Amino acid sequence: MLQRGFSPEAIHRALKPQPPAPPPPKSRWITWETGVEILKFGTQVGWACYKRRQYWVELEQRVLASAKDHDGILTHAQLLAALQFKTREAETVTLRLCKQGACRVEGNLYIFERLLVAAPICAYCDQPRPVSGRHLSCRHCGAP
Ligand SMILES: [Zn+2]
């Protein structure tokens, strides 16, 4: 009789903590928290895309500035120099400029139509040659 009330089941019942309150039912799939996470993620992706685009635009600007300095024609070496010898980027930048119609490739020369100065043709090598500036001799054959 002394054992009454001290059965393992009764002790277990007495020690058992109250069950936790059930979580509130989720009314919507997107909670405020997941919404914030999605927004953060989207902002990061957007910012990364923006930075990436800015990077290429900056490289394009460098090439165009150099092309302007060289009367609208760049050799491959001059193009690489303008890109500070980022050889892996050179192809992409050239492709981007070509797609924009700013550049075309002829042999190993990059022609920037809009930056070309009216250049007479060299009598020695039939290549356009500058009329003014610091490149008075023919850049292709060196004729004075
Ligand atoms: Zn020449």
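Here the structure is a predicted model, which is why all the values come from computation and not from measurement.

> So what exactly am I meant to see when it comes to the overall build of the protein chain here?
Of the regular secondary structure elements, the protein chain holds four helices and three strands. The burial tally for the protein chain puts 15% of its 144 residues in the buried class.

> Help me out: how do you make sense of the environment of Ile73 in this one?
Within the secondary structure, Ile73 sits in strand β1 (residues 73–75). Accessibility expressed as a C-beta count within 10 Å gives 23 for Ile73, which makes it buried. Sequence spacing of Ile73 and Val117 is 44 residues, and the spatial spacing of their C-alpha atoms is 9.6 Å. Dropping the residues within four chain positions of it, Ile73 is found in contact with Leu109, Ile111 and Pro128.

> Would you take a moment to explain unusual backbone geometry for this structure?
Here Asp71, not a glycine, exhibits a phi torsion of approximately 60°, which is positive. With respect to the secondary-structure elements, Asp71 resides in the loop between α2 (32–69) and β1. Located in the positive-phi region is Phe85, a residue other than glycine, with phi close to 60°. Topologically, Phe85 is positioned in the loop between α3 (76–82) and α4 (87–99). The class of Phe85 is exposed, set by 10 C-beta atoms lying within 10 Å.

> Would you explain α4 in this entry?
An α-helix turns once every 3.6 residues. As a result, residues three or four positions apart point the same way. Helix length check: α4 (13 residues) gives 19 Å between terminal C-alpha atoms against 18 Å at 1.5 Å per residue, within 8%. The complete set of buried residues in α4 reads Val93, Thr94 and Leu97. One side of α4 carries all its buried residues, which in axial view fall inside an arc of 100°. Turned more than 90 degrees away from the buried face of α4, the exposed residues are Arg88, Glu91, Leu95 and Lys99. Looking at the packing, one finds that the buried side of α4 touches α2, β2 (104–106) and β3 (109–111). After α4 finishes, the residue Gly101 shows a positive phi value of roughly 75°.

> I'm lost on the sheet that holds β2 in this one. Help?
Strands in a sheet are paired, the pairing made by backbone hydrogen bonds, and the direction either parallel or antiparallel. Here we have three strands laid out as an open sheet, ordered β1-β3-β2, and antiparallel in their pairing. The sheet is open, and its two edges are formed by β1 and β2, each paired on a single side. The mean inter-strand angle of the sheet, taken between neighbouring strand axes irrespective of direction, is 30°. Strand direction decides the pairing type here: β1 and β3, joined by three bridges, are antiparallel. Within β3, the position partnered with Leu74 by the bridge is Tyr110.

> Sorry if this is basic, but what is going on with the nonpolar core here?
It is characteristic of soluble globular proteins that their nonpolar side chains tend to be buried jointly. One finds Val63, Ala67, Leu74, Leu79, Tyr110 and Phe112 to be the most contacted residues of the largest nonpolar core, which totals 13 residues. Breaking this core down by element, the ones donating at least two residues are α2, β1, α3 and α4. At four residues, the largest contribution of residues to this core is made by α2. Not counting residues up to four positions away in its chain, the partners in contact with Ala67 are Gly72, Leu74, Phe112 and Leu115.

> Any chance you could explain the packing of α2 against α4 here in plain terms?
Packed helix pairs are characterised by how far apart their axes lie and by the angle those axes make with each other. Close contact between α2 and α4 brings their axes to 10 Å; oriented N to C, the two are set at 80°. In terms of axis orientation, α2 runs roughly perpendicular to α4. When α2 is examined against α4, the residues Trp56, Leu59, Glu60 and Val63 are found in contact with a partner set consisting of Glu89, Val93, Arg96 and Leu97. Taken together, the residues of the contact of α2 with α4 break down into five nonpolar, no polar and three charged.

Each value, and the rule that gives it
- Residues numbered from 1 in each chain as written.
- Predicted model: local features only at pLDDT ≥ 70, side-chain atom pairs only at ≥ 80, totals over all residues.
- Helix = DSSP H or I, 4+ residues; strand = E, 2+ residues; numbered from the N terminus.
- Buried ≥ 20, exposed ≤ 12 C-beta atoms within 10 Å, placed from the backbone.
- Contact = placed C-beta atoms within 7 Å.
- Expected span 1.5 Å × (residues − 1).
- Arc of directions from axis to C-beta.
- Pairing = 2+ DSSP bridges.
- Axes fitted to C-alpha atoms, helices over the stretch in contact; angles between N-to-C directions.
- Core = buried A, V, L, I, M, F, W, Y, C linked by C-beta atoms within 7 Å.
- Parallel < 35°, antiparallel > 145°, perpendicular 65-115°, else oblique.
- Nonpolar A, V, L, I, M, F, W, Y, C, P; charged D, E, K, R; others polar.

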